[in-house]
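# Per-entry structural report
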Amino acid sequence: MQNKGAIKFFAIAFALVCGFQLSFTFFTKNVESRAKKYATNSTAQNMAKSLARRDQLKETFIYDS
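Summarised in this report is the structure supplied together with it.

Calculation criteria
- Position labels on residues start from 1 in each chain and follow its written sequence.
- Residue-level local features of this predicted model are given only where pLDDT is at least 70; pairs of side-chain atoms are given and counted only at 80 or more, and the full residue set underlies all totals for whole chains, interfaces and linings.
- Side-chain numbers here rest on the full set of heavy atoms in the structure, without hydrogens or water.
- Numbering of helices and strands runs from the N terminus, with a helix taken as a DSSP run of H or I at least four residues long and a strand as a DSSP run of E at least two residues long.
- Both definitions apply: the radius of gyration is a C-alpha atom measure, and the globule rule equals 2.2 Å times residues to the power 0.38.
- Exposed residues in this analysis have more than 50% of their type's maximum accessible area, buried residues have under 20%, and partly exposed residues fall in between, with area computed by a 1.4 Å probe over protein chains only.
- A 1.4 Å probe and the Shrake-Rupley method give the accessible areas. Residues count as covered only by the protein chains that appear here.
- The charge count treats Lys and Arg as positive and Asp and Glu as negative. His and the chain ends do not count.
- Working definition for charges: the position is that of NZ of Lys, CZ of Arg, CG of Asp or CD of Glu.

### Observations regarding the overall build of the protein
Of regular secondary structure, the protein possesses three helices and zero strands. Each helix (α) and strand (β) of the protein, taken in turn from the N terminus, gives the series α-α-α. For 65 residues, the compact-globule formula gives about 11 Å, and the C-alpha radius of gyration of the protein, at 24 Å, lies well above that figure. Projected onto its principal axes, the C-alpha coordinates of the protein cover approximately 75 × 20 × 10 Å. Counting over 65 residues, the protein shows a buried share of 6%. As displayed, the protein has an accessible area near 6,300 Å², and 65% of this comes from carbon and sulfur atoms. Charge-centre separation for the protein: the mean point of 10 positive side chains lies 14 Å from the mean point of 4 negative side chains.

Structure below.
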């Protein structure tokens, strides 16, 4: 029972480190959802078609960029 303070310290430090690592998951999910919205946006598809001028390979490249 003499190391009660050390155990609490390491438990709190471990919880903080885990929370910090999990925060990246939340930010990544936000960025991925915005990218998915953009990728399925009809404006982006139409822009890629107009810039490619009926070249399917170029259209795919522009749309993916």
